[in-house]
Amino acid sequence: MRKMEQKLRAGILGATGMVGQRFISLLENHPWFEVVTVAASERSAGKTYEEAVSDRWKMDTPMPESVKKLVVLNVNEVKKVADTVDLVFSAVDMTKDEIKAIEEEYAKTETPVVSNNSAHRWTPDVPMVVPEINTEHFDVIADQKKRLGTTRGFIAVKPNCSIQSYAPCLAAWKEFGAKEVVATTYQAISGAGKTFKDWPEMVENIIPYIGGEEEKSEQEPLRVLGKVENGEIVKAQLPKITCQCIRVPVFNGHTAAVFINFEKKPTKEQLIEKLVNFKGFPQEAELPSAPKQFIQYLEDDNRPQVKLDVDYERGMGVSIGRLREDTMFDYKFVGLSHNTVRGAAGGAVLCAEALTAKGYIQAK
Ligand SMILES: N[C@@H](CC=O)C(=O)O
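- If you check an unreviewed UniProt entry, the chain appears there as Aspartate-semialdehyde dehydrogenase from Muricomes intestini.
- As recorded by UniProt, the Sequence similarities (unreviewed entry) comment attached to the chain reads in full: "Belongs to the aspartate-semialdehyde dehydrogenase family."

Laid out in structure tokens, this is it:
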């Protein structure tokens, strides 16, 4: 792993919410980034982070001492926040249009923005990256900077949490030409920023609707698998994906049950071999948050299980199991990933590490 002479100063936008808290806990003792600024809505501004969050801390590790006394800044005071940092992680909770605008404002202060939000996921010159799959999409940053009129400020995003338990398989199996995918996701309540305490109706319940989620789950893998053409990302045409997204009474961990057809049907052994050997830039560059093994394949019929497997590779790995031939499709399988680590803050931190290692983010 590369050593940093001086850590980069990081700010967290939307620091008091569930994903903001996850950023803070993942960045505790991070070798490259140090959280120096926390920003949130006007309601929290002026309080210490500890006061602003008080009994709303939802992580299973204690609030890091290093952030407790930081005074929360107003996220709308863009220049004031940007002046204190080298990059920001964004988990702001606003309308899509407001997020689009404020993330661009931050980029225009020459501050790289690495965002967990969906607002810019389809902006043509904004890369949406799973670092094991498509860091070549960072190439569009040069065109984005021209559009924004910046020299170092830009926006990069990570995709939705729901796709992380099956999209990596599609990338690993690219040479077999996946052509049709039917997926059902079983999504944890932390994806909605909730605990069972603040969402008691989810106890022993299933809700078959998550607003906007099915479109994201069907379309976003295609952008991740797409290519860069003339400074823009052009999405892949295949596979066709149809998806149902269901909220289940689990705290952390999104599971997906997937059926798949290929152009060239591989053997089960070939599929497993591709999964377990799949790696990318994070593993080659030994990025600090990279899982050593991105995808594990579990042979037992009763795996992956949320309780046993959600924290695989500190929540940064993906667990696949139950791969078998199907009567209507070529194969079916089950995938699991940690929705607030790999699927949210952890995915964004890995993205920022890849951007730093490739020279897109430096000290101001
Ligand atoms: N929208 C998702 C969160 C993913 O980023 C969910 O509700 O689970």
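Things to note about the overall build of the chain
Step number 1: For the chain, the helix and strand inventory stands at 12 helices and 14 strands.
Step number 2: The C-alpha radius of gyration computed for the chain amounts to 20 Å, which stays within 12% of the reference 21 Å derived for 364 residues, consistent with globular compactness.
Step number 3: Across its three principal axes, the chain shows a C-alpha extent of roughly 60 × 50 × 40 Å.
Step number 4: Every one of the 364 residues in the chain was classed for burial, and the buried ones make up 60%.
Step number 5: Restricting the contact set of the chain to residue pairs at least 6 apart, pairs at least 24 apart contribute 77%.
Step number 6: Roughly 15,600 Å² of accessible area belongs to the chain as shown, and the carbon and sulfur atoms make up 49% of that amount.

Some remarks on unusual backbone geometry
Step number 1: Going from L238 to P239, the amide bond is cis rather than trans, its omega being 0°.
Step number 2: Structurally, P239 is set in the loop between strand 9 (232–234) and strand 10 (240–247).
Step number 3: Of note, the bond from R303 into P304 is cis; its omega dihedral lies within 30 degrees of zero at 0°.
Step number 4: For E204, which is not a glycine, the phi torsion comes out positive at approximately 55°.
Step number 5: Mapped onto the elements, E204 comes out in the loop between strand 7 (178–187) and helix 8 (213–224).
Step number 6: Judged by relative accessible area, which is 77%, E204 ranks as exposed.
Step number 7: Of note, N230 is a non-glycine position whose phi angle comes to about 50°, a positive value.

Digging into the UniProt feature "domain: Semialdehyde dehydrogenase NAD-binding" (unreviewed entry) in the chain
Step number 1: UniProt feature "domain: Semialdehyde dehydrogenase NAD-binding" (unreviewed entry): in the numbering of this structure it lies at residues 9–141.
Step number 2: Within the segment residues 9–141, helix and strand shares are 28% and 17% respectively, and the terminal C-alpha atoms sit 21 Å apart.

Re the nonpolar core
Step number 1: The biggest cluster of nonpolar side chains holds 59 residues, and the ones touching the most others in it are Y106, W173, I260 and F333.
Step number 2: Here this core spans two domains, since at least three of its residues come from each of domain 1 (8–160 + 345–357) and domain 2 (162–338).
Step number 3: Core analysis: the second largest hydrophobic core is formed by 48 residues, L8, I12, A344 and A345 among them.

Calculation notes
- Residues numbered from 1 in each chain as written.
- Predicted model: local features only at pLDDT ≥ 70, side-chain atom pairs only at ≥ 80, totals over all residues.
- Heavy atoms only, no water.
- UniProt positions renumbered as here; feature names shortened; annotations may be inferred.
- Helix = DSSP H or I, 4+ residues; strand = E, 2+ residues; numbered from the N terminus.
- Rg over C-alpha atoms; globule rule 2.2 N^0.38 Å.
- Buried < 20%, exposed > 50% of the residue type's maximum accessible area, 1.4 Å probe, protein only.
- Contact = heavy atoms within 4.5 Å.
- Areas by Shrake-Rupley, 256 points an atom, 1.4 Å probe, with all protein chains shown as cover.
- Core = buried A, V, L, I, M, F, W, Y, C linked by side-chain atoms within 4.5 Å.
- Domains from an automatic or database assignment.

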